[in-house]
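# Fold and geometry: a report
Spelled out from the first residue to the last, the chains are:
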Amino acid sequence: MSEFYQGMAEIFEVEESEMGPDFPLDEGWDSLAVVSTIALIDEVYDRTVSATRLQECKTVGDIEKLAQE
Amino acid sequence: MTIGSTPIASGQAVRVDGARIAGLVSCIPPRRIDNEYFLEEFGDSVADTTKMTGVRTRYWVDEGVTASDLCTAAAVSLLDDLAWPRDTVDAIIFVSQTPDYRLPATAGVIQAKLGLRPAIIGLDINLGCSGYVYGLWLAMTLVGSGAAKRALLVVGDTSSSLIDPADRATAMLFGDAGTATAIEAGDAQAHFILGTDGRGADNLIVPSGAYRSAEHRSSNDPCKLFMDGGEIFNFTLKSVPKLVAETVQFAGLPIESYDAFLLHQANAFMVNHLAKKAKLPPDKVPMNIDRYGNTSSTTLPLLMTDDLADRLAREGARLALFGFGVGYSWGGASLEVGPLACVKTISYDSGR
């Protein structure tokens, strides 16, 4: 599993096996999770993503796409 | 004397000669607020928020006590300890976003309370997290230029009066404090980098209460503090590691020669991440947000009077200071501090 998905599993406090591109961003996708995700993307991809655009994401796969744009 | 100024990527780079810090005192209100206080409002999410912010306790003023009261108490203690006669202070600068009045400037209010000479330089600066670095630069510049032989920099905020008690992102984060720093002429050199970017003004703001009174996109009370934590974090990621690198480079000393790197105590998660990204040795990045919360412009002096007090009193230290946040505004400083005749944290006694 990639560093990005490992990190997302930690942020949502789920097993790594449960984390994947289809993981929905509903419960637990709050301001704290957004900030943690910004930090993760900074660490993994060395870039910053807009918090506003991050909040518009529906799944973890959307976040990955945003991070790789 | 100010030696030129050069625009570089992070901001204006300025070297200031001929001024030194003589001492500093922080003053904390006595009312301690533990995280249990928030359980009723926020329930289980208190633990999650604490994990991120790192704040376990913070101190809030009682009603009727302002930042200027805390700063005045700190200044009284400082002037007494340094044995500075009141009439030897030539300038007072108050840095705050929670002044006593919209007008007049609070610097004069503190001047009168302290019994300083009635005809000195006095002004307020409206800055938050970057404010201590800006205040230090201006006070040292006044002294270095000869405009003042001794200057008092009073920096304080009572953010508890701004926070929206229903906003989890800010209600648990901020603490109150006031500080006083004495600057006098001396054979010393300090390097500063100062920057501003008002394009981020909307992301950390009290939208109402002054003269623009715009409707704001958030549904929060427009008289209370609004913070877009994600955007603020993005701003720090882009600006702070660069500011750290450029400040160290501008001062021209190797990173190993620094005894401590003081980062504005924004929140624990952010400070840890920024320190790592800036490649700073963790043992040289003191933290005290767990005890005091984010005290806005006073986090840097509070690190000096708290975690570093013994060191600064005994032998002094080569410090790098970094303030960043609301504005956006930021400042970096590299300077030698101490040994100081007075460096301590006191508790506010309203009976004084």
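Above this text you will find the structure in question.
Throughout, a residue's number is its position along its own chain's written sequence, starting from 1. Each chain gets a letter, beginning with A, and each ligand a number, beginning with 1, in the order they are written. Only residues with pLDDT of at least 70 are given local features in this predicted model, and only at 80 or more are side-chain atom pairs given and counted; all residues enter the totals for whole chains, interfaces and linings.

Think of it this way: any DSSP run of H or I at least four residues long counts as a helix, any run of E at least two long counts as a strand, and we number them from the N terminus. Across its full length, chain B carries eleven helices and 14 strands. With the C-alpha coordinates of chain B rotated into their principal frame, the extents come out at 55 × 45 × 40 Å. If you take every contact in chain B between residues at least 6 apart in sequence, the share linking residues at least 24 apart comes to 79%. What counts as a contact is two residues whose backbone-derived C-beta atoms lie within 7 Å of each other.

We now examine the overall build of chain A. Looking only at helices and strands, chain A features four helices and zero strands. Shown N-terminal to C-terminal, the secondary structure of chain A runs as helices and strands in the order α-α-α-α. To get the radius of gyration, use the C-alpha atoms; to get the globule rule, take the number of residues to the power 0.38 and multiply by 2.2 Å. Computed over C-alpha atoms, the radius of gyration of chain A comes to 11 Å, within 12% of the 11 Å expected from 2.2 N^0.38 for 69 residues, which places it in the range of a compact globule. A principal-axis box enclosing the C-alpha atoms of chain A has dimensions of 25 × 25 × 20 Å. Three exposure classes are used, based on other C-beta atoms lying within 10 Å of a residue's own C-beta, which is placed from the backbone: buried for 20 or more, exposed for 12 or fewer, and partly exposed in between. Across the 69 residues in chain A, those meeting the buried criterion constitute 29%. Across chain A, the fraction of contacts at a sequence separation of at least 24, relative to all contacts at a separation of at least 6, is 47%.

Residue and element names in this part refer to chain B. Only the stretch in contact is used when fitting a helix axis, every axis being a line fitted to C-alpha atoms; angles between N-to-C directions are given from 0 to 180 degrees. The N-to-C vectors of helix 7 (residues 229-251) and helix 8 (residues 268-277) enclose an angle of 30°; their axes lie 10 Å apart at closest approach. In terms of orientation, helix 7 lies roughly parallel with respect to helix 8. When the axes of helix 7 and helix 8 are compared, the crossing they make is right-handed. Between helix 7, through F233, T236, V240 and P241, and helix 8, the contact on the second element is made entirely by M270, L274 and K277. Should an angle fall under 35 degrees it is called roughly parallel, over 145 degrees roughly antiparallel, and 65 to 115 degrees roughly perpendicular, with every other angle called oblique. What makes a crossing left-handed is the near helix being turned counterclockwise from the far one by less than a right angle; a clockwise turn instead makes it right-handed.

Moving on: the interface of chain B and chain A. Listed as interface residues are 13 residues of chain B and, on the opposing side, ten residues of chain A. If you tally residues by element for the side of chain B that touches chain A, the top one is helix 7 of chain B, at seven residues. For this scheme, ten residues count as nonpolar: Ala, Val, Leu, Ile, Met, Phe, Trp, Tyr, Cys and Pro. Four count as charged, namely Asp, Glu, Lys and Arg, and the remainder, Gly too, count as polar. A breakdown of the residues in the side of chain B that touches chain A according to their chemical character gives four nonpolar, five polar and four charged.

Right, let's get into unusual backbone geometry. Residue and element names in this part refer to chain B. Cis geometry marks the peptide bond from L103 to P104, where omega comes out at 5°. As for its position among the elements, P104 is in the loop between strand 5 (91-95) and helix 4 (106-114). At the junction of G338 and P339, the peptide bond is cis and its omega measures out at 0° in the coordinates. Note on placement: P339 falls in the loop between strand 13 (329-337) and strand 14 (342-347).

The next thing to look at is the packing of helix 3 (residues 67-82) of chain B against helix 4 of chain B. Residue and element names in this part refer to chain B. It is at 10 Å that the axes of helix 3 and helix 4 come closest, and there the two elements cross at 40°. One finds that helix 3 runs oblique with respect to helix 4. Viewed along their axes, helix 3 and helix 4 form a crossing whose handedness is right-handed. Here S68, C71, T72, A75 and V76 of helix 3 come into contact with helix 4, specifically with T106, V109, I110, K113 and L114. Each residue belonging to the contact of helix 3 with helix 4 can be placed in one class, and the counts come to six nonpolar, three polar and one charged.

Before going further, it helps to examine helix 4 of chain B. Residue and element names in this part refer to chain B. Within helix 4 the residues assigned to the buried category are T106, A107, V109, I110 and Q111. Looking at the packing, one finds that the buried side of helix 4 touches helix 3, strand 5, strand 6 (121-125) and strand 7 (150-158). Remark: G115 follows helix 4 within two positions and exhibits a positive phi of approximately 75°.

Before going further, it helps to spend a moment on helix 5 (residues 131-145) of chain B. Residue and element names in this part refer to chain B. For a helix, the expected span equals 1.5 Å multiplied by the residue count minus one. The end-to-end C-alpha distance of helix 5 is 21 Å, a good match for the 21 Å that 15 residues give at a rise of 1.5 Å each. The element helix 5 is extensively covered by neighbouring structure, given that 14 of its 15 residues are classed as buried. Note on helix 5: the residue one or two positions beyond its end, G146, has a positive phi of about 90°.

Below, the discussion takes up the environment of A22 of chain B. All names here are of chain B. Structurally, the position occupied by A22 is in strand 2 (residues 11-28). The spacing of A22 and G186 is 164 residues in sequence and 9.2 Å in space, taken between C-alpha atoms. Once you skip the residues sitting within four places of it in the chain, A22 turns out to touch L82, A182, I183, E184, L340 and A341.

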